[in-house]
Each structure stands twice: as C-alpha cells, then as structure tokens.
Amino acid sequence: QVQLVESGGGLVQAGGSLRLSCAASGRTLSTYNMAWFRQAPGKEREFVAAIRRYGERSYADSVKGRFTIFRDNAKYTVYLQMNSLKPEESAVYYCAAKEGLVLGGLGSRSVYDIWGQGTQVTVSS
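About the criteria used
- Residues numbered from 1 in each chain as written.
- Predicted model: local features only at pLDDT ≥ 70, side-chain atom pairs only at ≥ 80, totals over all residues.
- Heavy atoms only, no water.
- Disulfide = S-S within 2.5 Å.
- Helix = DSSP H or I, 4+ residues; strand = E, 2+ residues; numbered from the N terminus.
- Buried < 20%, exposed > 50% of the residue type's maximum accessible area, 1.4 Å probe, protein only.
- Core = buried A, V, L, I, M, F, W, Y, C linked by side-chain atoms within 4.5 Å.
- Contact = heavy atoms within 4.5 Å.
- Phe/Tyr/Trp six-rings, centres within 6.5 Å; stacked < 30°, edge-to-face > 60°.
- Lys NZ or Arg CZ within 6 Å of the ring centre and 35° of its normal.
- Polar contact = N/O pair within 3.5 Å; in protein donor to acceptor, adjacent residues only side chain to side chain.

The next point concerns the state of the cysteines. For the structure on display, the rule yields one disulfide. One disulfide bridge connects Cys22 with Cys95, the sulfur atoms lying 2.0 Å from each other. With the S-S bond torsion at -80 degrees, the cross-link from Cys22 to Cys95 turns out left-handed. Taken together, the positions of Cys22 in strand β3 (residues 18-24) and Cys95 in strand β9 (residues 91-99) put the pair 73 residues apart, joining distant regions of the chain. The exposure class of Cys22 is buried, given its relative accessible area of 0%. Its relative accessible area of 0% is what places Cys95 among the buried residues.

This part is about the nonpolar core. In this structure, Leu4, Met34, Trp36, Leu80, Met82 and Tyr93 are the most contacted members of the largest nonpolar core, which totals 40 residues. The set of elements that each furnish at least two residues to this core consists of β3, β4 (32-39), β5 (46-51), β7 (67-72), β8 (77-82), β9 and β11 (119-124). The contacts of Met82, once residues within four sequence positions are left out, are Gly16, Ser17, Leu18, Leu20, Arg66, Phe67, Tyr93 and Val121.

Here we come to the packing of aromatic side chains. Throughout the structure, instances matching the rule amount to five aromatic pairs. Their ring planes at 75 degrees and their centres at 5.6 Å tell us that Phe37 and Tyr112 sit as a pair that is edge-to-face. Of this pair, Phe37 sits in strand β4 while Tyr112 is found in the loop between β9 and β10 (114-115), placing the two residues 75 residues apart along the sequence. The exposure class assigned to Tyr112 is buried, which follows from its relative accessible area of 5%. Taking the centre distance of 5.0 Å and the plane angle of 20 degrees together, the rings of Phe70 and Tyr79 count as stacked. Looking at Phe70, the relative accessible area reads 22%, which means it is partly exposed. Pairwise contacts between aromatic rings join Phe37, Phe47, Tyr112 and Trp115 into one cluster. Just above the ring of Tyr94 sits the side chain of Arg45; from NZ or CZ to the centre is 3.6 Å. Lying across the ring of Trp115, Arg45 places its NZ or CZ 5.0 Å from the centre.

Take the side chain of Arg38 next. Relative to the assigned elements, Arg38 resides in strand β4. Within the local environment of Arg38, its side chain forms a polar contact with the side chain of Glu89, the two groups lying 3.3 Å apart. Of note is the side chain of Arg38, whose polar atom sits 3.1 Å from the side chain of Tyr93. Setting aside its immediate chain neighbours within four residues, Arg38 contacts Glu44, Arg45, Glu46, Val48, Ser62, Val63, Phe67, Glu89, Ala91, Val92 and Tyr93.

By themselves these figures say nothing about function.
Here you go:
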C-alpha cells in the first residue's frame, strides 16, 4: 500500500504563497484519486482540493481561484499551490488517496483510505 509524506508547510505572511507536496513511497500515484484536507485546532478536518486519477479537479469554494492542485505521476507526487493565503487558513494540511474508480464527489473524508501525517501551515496577519 502506498504511503504518503507531505512537505512544504511553514510560516508565511498573509497574501503570500506556499506549495505543498505529497510524495508517495515507492509507487506511482497514477491510479489514485488524490486530495488535500486541512484541520485547524478545534475544528473538523475540511476538504480543500482533489484531483481524480484522470485529471479532473475540484475545489472548496473558499479556495477557488487561489489554490491549484496538480500531479506529477512521474515523480509520484501531488502538489497544492496556495496563493493569497489568509490567516484563517492556518492549519495542518493532509494529503489523502483512494485508488481506483470513485463514483460521486471527492470532497468527503470517507472517500479516502490512505492519509499522510500532515504538514503545518501558519499564515501570519
């Protein structure tokens, strides 16, 4: 089973950008649907963005136009480019994966059975 490792988090000022990476250990991600979620202290883990194995993308309304999810199957990596970050987007960001066909939307945590450990993103005001 693939293992996921996130990186790229850190401290950034409001309005700044970060690129998160999610690397798979030893196996291509080309057969996986991938997503990013985030969880702030005291809050539920929420959907951010997803990309199907064949490339269709979806986003939470709050990040549309600012965040981009994309994949490089040759590098076994999925990315989340985050622009115009806001302080309220400070959270631990998690990568998630589900292999094969997924009917319906990709925005629910229950879709995914593989999770990374998360990477902290802090946006200062």
